[in-house]
Amino acid sequence: MKRILALGMAMALTVSSLAGCGGSKPAEATKAAETKAAGEEKTGETKAETTESAGAEEAESAGEGGKIVFIATQLGDMSFNDNGWAGVQEIGNKYGYEVSVIETGMDSSKYENMFLDICDSDADYVIAQSGNGWGDIVFKYASDYPEKKFVVFDASTTAEVTSDNVVCVAYRANEGSYLVGYVCAAMSESGMIAAGANRDNPAINDFFTGFINGALACKPDIKVSLAYNSTPGDAAAMGEIATALYNSGVDVMFSVAGAAGLGIFQAAIEGDKLAVGVDSDQYLTYSNSEYPELAQVIMTSMMKNIGDSLIVIFDEIDAGTIEWGTLQILGIAEGGVGLADNENYQKLVPEDVRKQVGEYEDKVKQGEISVPSYYDFGDDSEFRELVNSVEP
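Residues numbered from 1 in each chain as written. Predicted model: local features only at pLDDT ≥ 70, side-chain atom pairs only at ≥ 80, totals over all residues. Heavy atoms only, no water.

**Q** Hey, could you run me through the overall build of the protein in this one?
**A** Looking only at helices and strands, the protein features 14 helices and 13 strands. When contacts within the protein are restricted to residue pairs at least 6 apart in sequence, long-range pairs at least 24 apart make up 75% of them. With the model as given, the accessible surface of the protein reaches about 15500 Å², and the carbon-plus-sulfur share is 46%. (Helix = DSSP H or I, 4+ residues; strand = E, 2+ residues; numbered from the N terminus. Contact = heavy atoms within 4.5 Å. Areas by Shrake-Rupley, 256 points an atom, 1.4 Å probe, with all protein chains shown as cover.)

In structure tokens, the structure reads:
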């Protein structure tokens, strides 16, 4: 039976001010992303490499709390994976766990063997995202390793948790993306906005469902283009898509592309357009990176507070209050998702628009607005009808 719990947490969005419009070159940033992506192809080539050399790192503090393995497709994305890993490192420091990360790359054909190697190791806790098939792998094998505990984050809000040594965390990405859609539509002068992602799957399309509905709430005649990366994770390919969209008249684009979002931000710089980040406050992460000039076009980000939510899970483990075999769903009301309110947002988005966004955020939080989700559709064709209705 699926049990859904509200996660008792107050995760505030961190607002800080970082100066940063330095002078590194966008072309060099793309090259760095391509080099890293190419390096991923070598990750996990054999089962032995998975646990010994496939990108494993350890936090400085390792204590008596046991061992945690965090599974990431790619660190250095300044978004989804880095957010989660930062939370795991904080867990290690807070409770004395020995923590390590396995970078798997994008070749999903190798994931199952990687996972079994991890399960056969001395890890006590395994943390994995649900996407790219990882959730299915955890559900398939978790019951075979009853002595271990598994945390699956970014699960579907409809996920069925069937093992009593698994806890899942889901984020209402549609709610955060609703606010993104609203602010993008409000900021668009052309009446054309877009969103780009690495893959066409239900999790991504939940972002897009909220995004479209938020845009329509602001401007009923808004035109919205959606794009999926031809090569998932490839910043250069994503950049080509973004450039074409900006050249077609789009003036604001939402990146739901992780590390490949770098291509969107570069295209925005080159076209003098605006963009929105995802998962972390990407204005801050890019400001503090080797290519800070890209930060100036990121007017806000749709934040999933992944790291914070993982910390709360281990707070519950430490307190003995964790309920295994459950699904915990976090939306705007629970502090799981929201918009990044930073100095660039304050600078680029007029006060009246920020006020309107805040009012809509409060309405979602209070339940006055129920944001449509991809998972509400009877089938995928209903989502495609929504998409077709707003295409230019």
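**Q** I tried to follow the nonpolar core on my own but got confused; where do I start?
**A** What tends to happen in soluble globular proteins is that the nonpolar side chains get buried as a cluster. Among the nonpolar cores identified, the biggest contains 71 residues, and Phe254 and Phe314 are the most heavily contacted of them. Sorting elements by how many residues they give to this core places helix H6 (residues 173-187) first, with nine residues. Once residues lying within four places of it in the same chain are set aside, the contact partners of Phe314 are Ile68, Ile91, Tyr95, Tyr97, Tyr125, Ile127 and Val151. (Core = buried A, V, L, I, M, F, W, Y, C linked by side-chain atoms within 4.5 Å. Buried < 20%, exposed > 50% of the residue type's maximum accessible area, 1.4 Å probe, protein only.)

**Q** Honestly, the environment of Ser143 in this entry has me stumped. Any pointers?
**A** Looking at where Ser143 falls in the secondary structure, it is placed in the loop between helix H5 (134-141) and strand E5 (149-155). Note: C-alpha distance between Ser143 and Asn165 (22 residues apart in sequence) is 7.4 Å. With residues near it in sequence (within four places) discarded, Ser143 still touches Ser163 and Asn165.

**Q** Teacher, can you tell me more about the pattern of salt bridges here?
**A** If the charged atoms of two oppositely charged side chains come close together, the side chains can form a pair. In the structure shown here, the tally under the stated rule is seven salt bridges. A salt bridge links Asp315 to Lys94; its shortest N-O distance comes to 2.9 Å. Here Lys94 lies in helix H3 (residues 80-95) and Asp315 lies in helix H11 (residues 306-319), a separation of 221 residues in the sequence. Using a relative accessible area of 23% as the deciding quantity, one classes Asp315 as partly exposed. Here the residues in one salt-bridge network are Asp200, Asp380 and Arg384, joined through shared partners. (Salt bridge = Lys/Arg side-chain N within 4 Å of Asp/Glu carboxyl O.)

**Q** Would you mind going over H6 with me for this structure?
**A** Owing to its 3.6 residues per turn, the α-helix brings residues three or four apart onto one side. The end-to-end C-alpha distance of H6 is 21 Å, a good match for the 21 Å that 15 residues give at a rise of 1.5 Å each. Most of H6 sits inside the fold, with 14 of its 15 residues counted as buried. (Expected span 1.5 Å × (residues − 1).)

**Q** Help me understand the state of the cysteines in this model?
**A** As enumerated under the stated definition, the model contains zero disulfides in all. Lacking any disulfide linkage, Cys184 is separated from the closest cysteine sulfur, that of Cys218, by 9.8 Å. Accessibility expressed as a relative area gives 0% for Cys184, which makes it buried. (Disulfide = S-S within 2.5 Å.)

**Q** When you look at the pairing of strand E9 (residues 252-256) in this model, what are you seeing that I'm missing?
**A** Every regular strand shows the same layout, with side chains that alternate between the two sheet faces. Of all five residues making up E9, five are buried, and the element is well covered by its neighbours. Burial along E9 is two-sided: the residues Val252, Phe254 and Val256 and Met253 and Ser255 are all buried. Of the strand pairs in this sheet, strand E7 (residues 192-197) and E9 are connected by five bridges, and their pairing is parallel. Looking across to E9, one finds that Ala197 is bridged to Val256. With three bridges joining them, E9 and strand E10 (residues 274-279) adopt parallel strand pairing. Following the sheet pairing, Val252 is matched in E10 by Leu274. The β-α-β motif built from E9, the intervening helix H9 (residues 261-271) and the parallel element E10 has right-handed crossover chirality. (Pairing = 2+ DSSP bridges. Right-handed = clockwise from strand over helix to strand, strands pointing away.)

**Q** Which parts of the structure should I look at to understand the packing of H6 against helix H7 (residues 202-218)?
**A** In helix packing, the relevant descriptors are the interaxial angle and the interaxial distance, both defined with respect to the helix axes. Direction vectors running N to C along H6 and H7 enclose 40 degrees, while the axes themselves pass 6 Å from each other. Compared by their axis directions, H6 and H7 come out oblique. Here the hand of the crossing between H6 and H7 comes out right-handed. Judged by residue contacts, Ala173, Asn174, Ser177, Tyr178, Val180, Gly181, Tyr182, Cys184, Ala185 and Ala186 of H6 engage Asp206, Phe207, Gly210, Phe211, Asn213, Gly214, Ala215, Ala217 and Cys218 from H7. Of the residues contributing to the contact of H6 with H7, the split by class is 12 nonpolar, six polar and one charged. (Axes fitted to C-alpha atoms, helices over the stretch in contact; angles between N-to-C directions. Parallel < 35°, antiparallel > 145°, perpendicular 65-115°, else oblique. Left-handed = near helix turned anticlockwise from the far one by under 90°. Nonpolar A, V, L, I, M, F, W, Y, C, P; charged D, E, K, R; others polar.)

**Q** How should I be thinking about the sheet that holds E7 in this particular structure?
**A** Two strands in a sheet stick together by hydrogen bonds in their backbones, pointing the same way (parallel) or opposite ways (antiparallel). Here we have six strands laid out as an open sheet, ordered E8-E7-E9-E10-E11-E13, and mixed in their pairing. Each edge of the open sheet carries a strand with a single partner, namely strand E8 (223-228) and strand E13 (337-339). In this sheet, adjacent strand axes meet at a mean angle of 15 degrees when their direction is disregarded. Each of E7, E8, E9, E10 and strand E11 (298-304) touches H7; the most contacted strand, E8, lies at about 165 degrees to it.

**Q** Would you mind showing me how to read the side chain of Ser225 here?
**A** Position of Ser225 among the secondary structure elements: in strand E8. With residues up to four places along the chain from it excluded, the contact list for Ser225 reads Ile193, Ala194, Ala195, Leu245 and Pro392.

**Q** Can you help me understand unusual backbone geometry in this one?
**A** Leaving glycine aside, a negative phi is the common case for residues, and trans is the common case for peptide bonds. Located in the positive-phi region is Asn132, a residue other than glycine, with phi close to 60 degrees. Residue placement: Asn132 occurs in the loop between strand E4 (125-129) and H5. Taking the relative accessible area as the measure of exposure, Asn132 reaches 23% and is therefore partly exposed. One non-glycine residue, Asp154, adopts positive backbone phi at about 65 degrees. Its location among the elements puts Asp154 in strand E5.

**Q** Just checking my understanding: could you explain the packing of aromatic side chains for this structure?
**A** The description of an aromatic ring pair rests on the distance of the ring centres and on the angle between the ring planes. According to the stated counting rule, one finds 21 aromatic pairs in the structure shown. Each ring, one from Tyr125 and one from Phe314, has its centre 5.2 Å from the other, and the planes form 70 degrees; the classification is edge-to-face. With Tyr125 in strand E4 and Phe314 in helix H11, the pair connects residues that are 189 residues apart, well separated along the chain. Between the aromatic rings of Phe211 and Phe254, the centroid separation amounts to 5.4 Å while the plane-to-plane angle is 35 degrees, which identifies the pairing as tilted. (Phe/Tyr/Trp six-rings, centres within 6.5 Å; stacked < 30°, edge-to-face > 60°.)

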